[in-house]
Amino acid sequence: LKNKVGKIIAIFSIIIIIFYTGVMAYLLEWGLKHGAGGIIWQESRLFIEDYDRGIPVELPHGRSINGYIGHSSMPAKIADIFTYEIQSAHPKMLYDGYSRRIETPHAFEIHLLMISRLPDNSDYLYIHYLLEVPKNLDFDVWDTLYYTAIAGGILVVFMLLTFRRILQRSLTPLVSLA
């Protein structure tokens, strides 16, 4: 009985460590995507509010974030990445949006696109955000994730070993009865 309990605890430990590592990787990607998603949602909302009031406002323009009115004003590279989403023209507001992760020789690119209909229904507003993670920085991030997973795994193993000791102490009187 003690050996069976030990095997069950060992298998359970391995499953928890794998699950914990996967959750950490998912949270890293989710945090990057939704952090940037909040930015493009805010830019889209502010632009549409000013546009609706008739206030002359410039589209967002910078290294990472750019705004476009109408599909034809969008660069071909972005339009090619989000071909289906642009053709179907389903506006996504709130913290949704569309995202694509692309690997280039020097970096991982996360492209986010928010599509919103303008208040006068004349056209669509496209806000594009590009998050570039250089491969050497990506290695550092994954390295940190790796060490965090190891630390969490050690804590889980310690917890399960303590649980095993408690189980063995409680099973000893039961085994002696058999």
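Scroll up to find the structure this text is about.
Residues numbered from 1 in each chain as written. Predicted model: local features only at pLDDT ≥ 70, side-chain atom pairs only at ≥ 80, totals over all residues. Heavy atoms only, no water.

Caption draft 1: Inspection of the pattern of salt bridges at higher detail. A full pass over the atoms with the stated rule returns 4 salt bridges. Across the pair Asp50 and Arg53 runs a salt bridge whose closest N-O atoms are separated by 3.7 Å. With Asp50 and Arg53 both in helix α1 (residues 2–53) and 3 residues apart, the pair spans about one turn of that helix. For Arg63, the salt bridge identified is with Glu132, shortest N-O distance 3.4 Å. Taken as a pair, Arg63 in the loop between α1 and β1 (65–69) and Glu132 in strand β4 (residues 124–134) lie far apart in primary sequence, 69 residues in all. (Salt bridge = Lys/Arg side-chain N within 4 Å of Asp/Glu carboxyl O. Helix = DSSP H or I, 4+ residues; strand = E, 2+ residues; numbered from the N terminus.)

Caption draft 2: View of the sheet that holds β4. In space, the 4 strands of this open sheet follow the order β1-β4-β3-β2, with antiparallel pairing throughout. Each edge of the sheet is formed by a strand with only one pairing partner; in this case those strands are β1 and β2 (98–103). Averaged over all pairs of adjacent strands, the angle between their axes in this sheet comes to 20°, without regard to strand direction. Two elements, β2 and strand β3 (residues 107–117), share 6 bridges in a ladder whose sense is antiparallel. The residue bridging Ser99 from the neighbouring strand is Leu112, located in β3. (Pairing = 2+ DSSP bridges. Axes fitted to C-alpha atoms, helices over the stretch in contact; angles between N-to-C directions.)

Caption draft 3: A look at the pairing of β4. In terms of burial, β4 is largely enclosed, as 9 of its 11 residues are buried. Pairing between β1 and β4: 5 bridges, direction antiparallel. Bridged to Tyr68 within β4 is Tyr126. With 11 bridges connecting them, β3 and β4 associate as antiparallel partners. (Buried < 20%, exposed > 50% of the residue type's maximum accessible area, 1.4 Å probe, protein only.)

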